[in-house]
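Each chain, written out:
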Amino acid sequence: MNRRMYRKVMNAMFLALSLLATLTGLACLAAILWTLISHGLTGMSWHVFKQMTPPPGSEGGLLNALYGSAVMTLLGILIGSPIGVLAGTYLAEYGRSSRLSTLIRFINDVLLSAPSIIIGLFIYEIVVVKMGHFSALAGALALAVLAIPVTLRTTEDMLNLVPIGMKDSSAALGAYPWRTIVSVLYPAARSGIVTGLLLAIARISGETAPLLFTALNNQFWSTNLNAPMANLPVVIFQFALSPYKEWQNLAWAGALIITVSILILSISARVILAILQAERSSGR
Amino acid sequence: MAIIDPRHAAKQLIYERIFRAGTLAAAILVLLILGGVAISLLRGAWPAARHFGFSFITREIWNPVTDEYGALAPIYGTVVTSLIAMVLAVPAGFGVALFLTELCPPLLKRPIGVAVELLAAVPSIIYGIWGLFVLAPVLQRHVQPWLIEHAHSIPGINKLFLGPPFGIGILTAGVVLAIMVLPFIAATMRDVFDTVPPMLKESGYGLGATTWEVIWNVVVPHSRVGIVGGIMLGLGRALGETMAVTFVIGNAHRISTSLLAPGTTISSAIANEFTEAVGDLYTSSLIALGLLLFLITFTVIAAAQALLRRLEQRIAV
């Protein structure tokens, strides 16, 4: 085989391997979705949304878990995202390239990929141990800590995308920076910041590890934030590993609900971003 | 509004100070959280550290009955599952990134890119339940028997694939982790490949290089730092991943040379045992495991961020 042939063969081989890798990745996504849909639909019925989690070996639903997940995710976002947005504002507008900002940016990126179970342990130590019991509030706080880095990052990026001319115009009218930020920059970056919130909700609503020893779980309907609360991920964890067929079916139904909601959130975040980019490139 | 009212201006100044202080406080809170994580883990791990000393990380024993704990088995499991994941996911991630930047028809570029990113958005518990009910049986029936049969005559390798095909175990956990970190590695590498100036690539093609030669001799050297950063970011994920591993690892506190045997990792040990741990020493030992995980992942992620940051600066200049 001459040199030219050898190079051509090598080229074809590596390109084929790269195609194979991509197809494998896509096949995994398809396989996961297919499993979820086929198993999830068997366990899916109106009871899932109407009844509480059942005792072993009997039929029931996931109502208390769905409620608990919604409450804790919402609370987590309500606590975490204002902190993330404000901190992102500081980095983008006040701190800029100061040493403190560089450090915070670095620490934030570390927190963004830190294992969520560590955050669970942290909240366990500072909230659960201090209060003496597991609670929905502790779960929400753990989720809030996970939401902060996501919202911080997107807020900073989106504020940096606002055309400098808008900021200058506002300053030229004599507005203080806070006024410029609240009345000009936030509205201009609104859809970007909303995208960050959607991504943060998507990130925390599927988290299981940090809830295991903060919110724990609850077999019954509970709206008390100061007591353990059922939540979808922990129920899926418990039910999927159980030997009871009814529990396993509910786990699959829960898994389908969680995945579909997260995929919808992630896709809408991406659509908003795409529209934003299209507007930006078609405008000036 | 033409005339500036001094009272109005004074009020504005106060608002400005409050707002600025608020944003600064939020930013500093981020630092405090990381500091708080480190301090609370240190404090929680202190009883175990004082009781076992350095031997905590060198002993394999894990016995709640006699209250003796050592972290060697979880550390071993964490490192080995992550290594398996990296061995599988790095070449695959490289391939996906390469496909997306160099080969993919422009029409498909976005849909496939989004699909890969959605793979990253799927929560880890879903990977766990899928790994346990779908992947593990497939590995048990088709892959592991083949490995056992073909590896037994190769000295060295045969020790890795000993024993019955359980389905669940170190190898399966590694494979699930590989699927989980693949999108992270692929997305980072794709972004890095996209930063290679087209001029460099075109020069390569102009000299008559094949696509692969341009990638290997131009794109890869140019994005070396970013590739390493992306790999380490993936490694950080793999080391700390909890739920996906907990479903398929088998939860056995022992070290086995065979990859087919059940094992444990730091995160899955904490997830499995924490709420059931009775006694201060047991709880403290689990928190000490958490501290070890924190130190390991912090180092890896910080190194990855430092590398990626250096790359960003180089592009900015």
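These lines cover the structure that appears in this document, whether it is placed above or below.

1. Regarding the overall build of chain A
- For chain A, the count of helices and strands is twelve helices and zero strands.
- Helices and strands in chain A line up, N terminus first, as α-α-α-α-α-α-α-α-α-α-α-α.
- Counting only C-alpha atoms, chain A reaches 70 × 70 × 35 Å along its principal axes.
- The buried share of chain A, taken over its 284 residues, is 52%.

2. A look at the interface of chain B and chain A
- Counting from both sides, the interface comprises 81 residues of chain B and, opposite them, 80 residues of chain A.
- A per-residue breakdown of the area chain B buries against chain A is headed by Phe19, Val30 and Trp212 of chain B, which together make up 9% of the total.
- Where chain B meets chain A, there are three salt bridges.
- Salt-bridge contacts for Arg7 of chain A lead to Glu213 of chain B; the nearest nitrogen and oxygen are separated by 2.7 Å.
- Taken together, chain B and chain A are joined by ten residue pairs in polar contact (both at pLDDT 80 or more).
- When residues in the side of chain B that touches chain A are grouped by element, the largest group, 24 residues, is from helix α1 (residues 6-52) of chain B.
- When its residues are assigned to classes, the side of chain B that touches chain A shows 53 nonpolar, 20 polar and eight charged.

3. Describing the pattern of salt bridges
- Tallying each qualifying case throughout the model produces twelve salt bridges over all chains.
- As a salt-bridge pair, Glu156 of chain A and Arg105 of chain A come within 2.8 Å of each other at their nearest N and O atoms. One end of the pair, Glu156 of chain A, is in helix α6 (residues 136-161); the other, Arg105 of chain A, is in helix α4 (residues 99-113), with 51 residues separating them in the sequence.
- Judged by relative accessible area, Glu156 of chain A falls into the buried class, the value being 7%.
- Residues Glu207 of chain A and Arg203 of chain A are paired through a salt bridge, measuring 3.4 Å at the closest nitrogen-oxygen approach.
- Three or more residues are tied together by salt bridges with common partners; here these are Asp109, Arg153 and Asp157 of chain A together with Arg309 of chain B.

4. Quick look at the layout of surface pockets
- Its boundaries defined by the atoms lining it, the second largest pocket holds a volume of some 440 Å³.
- In terms of lining residues, the second largest pocket is bounded by 17 residues, among which Thr24 of chain A together with Leu88, Val175, Ala178 and Ile179 of chain B are the most central.
- Counting residues per element, the ones that place at least two in the lining of the second largest pocket are α1 (3-43) of chain A together with α2 (72-103), α4 (124-151) and α5 (170-194) of chain B.
- The class makeup of the residues in the lining of the second largest pocket is 15 nonpolar, two polar and no charged.

5. Focus on unusual backbone geometry
- Within the chain, Leu216 of chain A stands out as a residue other than glycine whose phi angle is a positive 55°.
- Mapped onto the fold, Leu216 of chain A is located in the loop between α10 (209-212) and α11 (232-240).
- Here Leu216 of chain A falls in the partly exposed class, since its relative accessible area comes to 24%.
- Within the chain, Asp67 of chain B stands out as a residue other than glycine whose phi angle is a positive 60°.
- In this fold, Asp67 of chain B is placed in the loop between β1 (62-63) and β2 (68-69).

Reading guide: rules and limits
- Residues numbered from 1 in each chain as written.
- Chains lettered and ligands numbered in written order.
- Predicted model: local features only at pLDDT ≥ 70, side-chain atom pairs only at ≥ 80, totals over all residues.
- Heavy atoms only, no water.
- Helix = DSSP H or I, 4+ residues; strand = E, 2+ residues; numbered from the N terminus.
- Buried < 20%, exposed > 50% of the residue type's maximum accessible area, 1.4 Å probe, protein only.
- Contact = heavy atoms within 4.5 Å.
- Buried area = accessible area lost by both parts, 1.4 Å probe.
- Salt bridge = Lys/Arg side-chain N within 4 Å of Asp/Glu carboxyl O.
- Polar contact = N/O pair within 3.5 Å; in protein donor to acceptor, adjacent residues only side chain to side chain.
- Nonpolar A, V, L, I, M, F, W, Y, C, P; charged D, E, K, R; others polar.
- 1 Å grid on protein atoms, 1.4 Å probe; cavity = no way out; pocket = protein on both sides within 12 Å on 5 of 7 lines; lining within 4 Å.
- Points joined across faces, edges and corners; volume = space filled by probe spheres on them.

Everything listed here is a matter of coordinates, which is why it stays silent on function.
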